[in-house]
Every structure is written in C-alpha cells, then in structure tokens.
Amino acid sequence: MIDLRSDTVTRPSEAMRQAMAHAEVGDDVYGDDPTVNALQELAAKLTGKEAALFMPTGTQANLVALLTHCQRGEEYIVGQKAHNYMYEAGGAAVLGSIQPQPLDMDADGSIPLDKVAAAIKPDDIHFARTRLLSLENTHSGKVLPLDYLQKAFEFTREKGLALHIDGARIMNASVALKVPLIEITQYCDTLTICLSKGLGTPVGSVLCGSREYITRANRWRKMTGGGWRQAGILAAAGIYALENNVERLQEDHDNAVWLEQQLRAIGVEIAAPGAQTNILYIKQSAELAAKLGPWMRERGVILSAGPLTRLITHIDISRADLQKVVSLWQDFLQHHAK
Ligand SMILES: *Cc1c(COP(=O)(O)O)cnc(C)c1O
C-alpha cells in the first residue's frame, strides 16, 4: 500500500531494526540505560541545549514541557491550530490546570507578535499569569522564517516569557532552510522533536532544554507514567534516525513539490500552493472526496480524503509510487469529474 495519510506510518528499516536488536540497555529510571543516555546527549548536542529527555510520544513530550514551564493557574500563548492546543486532548488544562491562550496564526504558522503582546496578562489578581509562548515548526508543512523566530525570541526576553517550539517536524525545517538545526533552536528555551515521523523510528520524541529544566521535566515524565526501563531498544532507533535519516528528508520535500506540480497539471486544486517540506493540501468537493478515498484504496493508495486532503511524503514513498498515484488520480478524474 502507498500510504499518504501521514509520515507517522513509516516503518523501521532493516538497518534500524539491526541497531535496535543490538542496543545496549539498562534501567532508564535509574539513569542506567547507556543507549537512552547517548540519544539524549546527541539530541542535546544537535539542538545546542544542555540536556534532553526521551519519551514515547510527541504528545507526552509537549505535555511534560508545558507542565514544566507553567504551574497551576498560569497560561501559555499558543496558535489556534497548534498541535499542543488543538490535538492533544487538552492535556495541559486537564492535567496541569494550565490555561491556554490561543491566537490566530498567519499562513506561515507564525503568531504576530503584536497580538502576542496584547494577549499577555498584566500582573493583576483577575488574570492567569502568562508564562510561555509556544510556537510550532513546521506547521502544516510551513517553515517558520528564521527572522521571525529571532524576533519572537528577543520579544520573549523583553516580556519575561519562555519560548517553546513544538518541533515535531523541526528537522524538516532545518533541511528546507539548509541550515544546521542549531541555527533554528538558538531561538528557543525548549523544544520537542518527533523521531517517529519522517525520521522513521517506530516510537519516540525528545524534549530538549537547560539541565535544570530537564531535571524538573524528568519528575513530570515519571508522574505521567513515562519512566520507562530498557528503552534503549527504542533509543537506538532514534540514534540511527538522527545519524542516517535527516539529510534524506530533502527527497521527501522534492517529492512533495513534484506531486504538487503533477496534480495541478491534471486539474487538482492545490490549497496553500508552494510545498516547502513534506506536506501538501489539496481541495475538492465533498462529493468527489467521498468517492476518491475508497476508489484509491481499492487500487492500493491510502488517503484521508476530504474537502481538504492532506498528502504527506515520507521515507516509505518513492517517486515511482507517486507516479502511480498521479496516474490513478487522472483516471479517477476522467471517470468521476463532470
Ligand atoms: C505529531 C505531532 C505531535 C505529537 O506527536 P505524537 O508522537 O503523535 O504524540 C506534536 N506536534 C506536532 C506538530 C505533530 O505534528
């Protein structure tokens, strides 16, 4: 099957499985797993932070990040469509009594800083205390401009806020901008990175920050059930991914650009044209969408077809796969479009 629903569907390669099978392990709750420790050191080094903490999911890593930044009755400012506001089941509010202050995002995923400034609460008993600005990079496949990030970081210094980046796909941003990761991460206090999306591991995210911050985060990780044991088997996949699967993300980006051109050429409407990374959105009528999904699935292609359909390229999708998708799509339109 050619699965374009998400880059979370990627499977570990044979070489990655070999690395996992041979990982040296220990009890990570005691800090004894050498492979987990090595992954955390590698993530810290790549992001220019003092320390890192390995967790099963991006959702848990973002939750632990928010719990570590904000206390009960405090708030974080976040994009209206950000993953750690919209798609994490309200965890920070439910489990941390942390209030989100969502704001509209621009098309590139940024939150205008004048709107952030206006949303910061004064020190007054009526208000939650504003602690944190949380950004997402990439958002819907769009890369946050570096000069925006620099301004946002300086802004948070002036306002006494911390800055967190949900960098589930930050490696895609680094590859798209052709800059080392550290040039992006210098503009945040903390960030999360998903290893289980385009990087191709079965499981895992890392939270990076100062040593003092990560020490506190480790308690929240334990409290939320994330104190795991011989996790080195999973960390080995993460190390393999960071060492072998980052540069190749360029292929996924090139494939998204190619797919965009080809689909446009056969009359498919592209939403937010100009794929920057591995995500592409197309628009179609609800009637057509209802037929497209099953039609494609019968022919070996899986899509989350809707009026707005997200297509994601990744390590398990080749150019030849996409050629097949385009020609199927063309057939589909010939049979179904009026
Ligand atoms: C996927 C994703 C997450 C969460 O990752 P899970 O590992 O699925 O919990 C967080 N933020 C963004 C932007 C994501 O795309």
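Residues numbered from 1 in each chain as written. Predicted model: local features only at pLDDT ≥ 70, side-chain atom pairs only at ≥ 80, totals over all residues. Heavy atoms only, no water.

- The protein chain is annotated in an unreviewed UniProt entry as Low-specificity L-threonine aldolase of Ewingella americana.
- Here the protein chain is described in UniProt, under the heading Sequence similarities (unreviewed entry), as follows: "Belongs to the threonine aldolase family."
- Taken from UniProt, the Subunit (unreviewed entry) comment for the protein chain reads in full: "Homotetramer." (UniProt positions renumbered as here; feature names shortened; annotations may be inferred.)

**Section: the pairing of strand β6 (residues 162-167)**
Then step 1. β6 sits mainly inside the fold: six of its six residues count as buried.
Then step 2. Burial along β6 is two-sided: Ala162, His164 and Asp166 and Leu163, Ile165 and Gly167, pointing in opposite directions, are all buried.
Then step 3. Looking at chain direction, strand β5 (residues 129-136) and β6 are connected through five bridges and run parallel. Residue pairing in the sheet places Ser134 in a bridge with His164 of β6.
Then step 4. The parallel pair β5 and β6 is bridged by helix α7 (residues 146-159), and the resulting crossover is right-handed.
Then step 5. With four bridges joining them, β6 and strand β7 (residues 190-194) adopt parallel strand pairing. Opposite Gly167, over in β7, you have Ile193 as the bridge partner. (Buried < 20%, exposed > 50% of the residue type's maximum accessible area, 1.4 Å probe, protein only. Helix = DSSP H or I, 4+ residues; strand = E, 2+ residues; numbered from the N terminus. Pairing = 2+ DSSP bridges. Right-handed = clockwise from strand over helix to strand, strands pointing away.)

**A few points about the sheet that holds strand β9 (residues 269-271)**
Whenever strands of a sheet pair, they do so through backbone hydrogen bonds, lying parallel or antiparallel.
Then step 1. One open sheet accounts for three strands, arranged β9-β10-β12; its pairing is antiparallel. Looking at the sheet topology across the chains shown, the edges are occupied by β9 and β12 (308-312). Adjacent strand axes in the sheet meet at a mean angle of 40°, parallel and antiparallel pairs treated alike.
Then step 2. Sheet topology note: the β9/strand β10 (residues 279-283) ladder contains three bridges and is antiparallel. Bridge pairing in β10 links Ala271 to Tyr281.
Then step 3. Each of β9, β10 and β12 touches helix α12 (residues 249-265); the most contacted strand, β10, lies at about 15° to it. (Axes fitted to C-alpha atoms, helices over the stretch in contact; angles between N-to-C directions. Contact = heavy atoms within 4.5 Å.)

**Considerations on the site of the ligand**
Then step 1. Near the ligand, the surroundings consist of Thr57, Gly58, Thr59, Asn62, His83, Glu88, Glu136, Asp166, Ala168, Arg169, Cys194 and Lys197.
Then step 2. In this structure, Thr59 approaches the ligand through a side-chain N or O atom, which is 2.6 Å from an oxygen atom.
Then step 3. Within the contact set of the ligand, an oxygen atom lies 2.5 Å away from a side-chain nitrogen or oxygen of Lys197.
Then step 4. For the ligand, the protein covers 84% of the area, taking 380 Å² as the surface of the free molecule.
Then step 5. Among the detected pockets, the ligand sits in the largest pocket. (Near = heavy atom within 4 Å. Polar contact = N/O pair within 3.5 Å; in protein donor to acceptor, adjacent residues only side chain to side chain. Areas by Shrake-Rupley, 256 points an atom, 1.4 Å probe, with all protein chains shown as cover. 1 Å grid on protein atoms, 1.4 Å probe; cavity = no way out; pocket = protein on both sides within 12 Å on 5 of 7 lines; lining within 4 Å. Sits in = over half its atoms within 2 Å of the grid points.)

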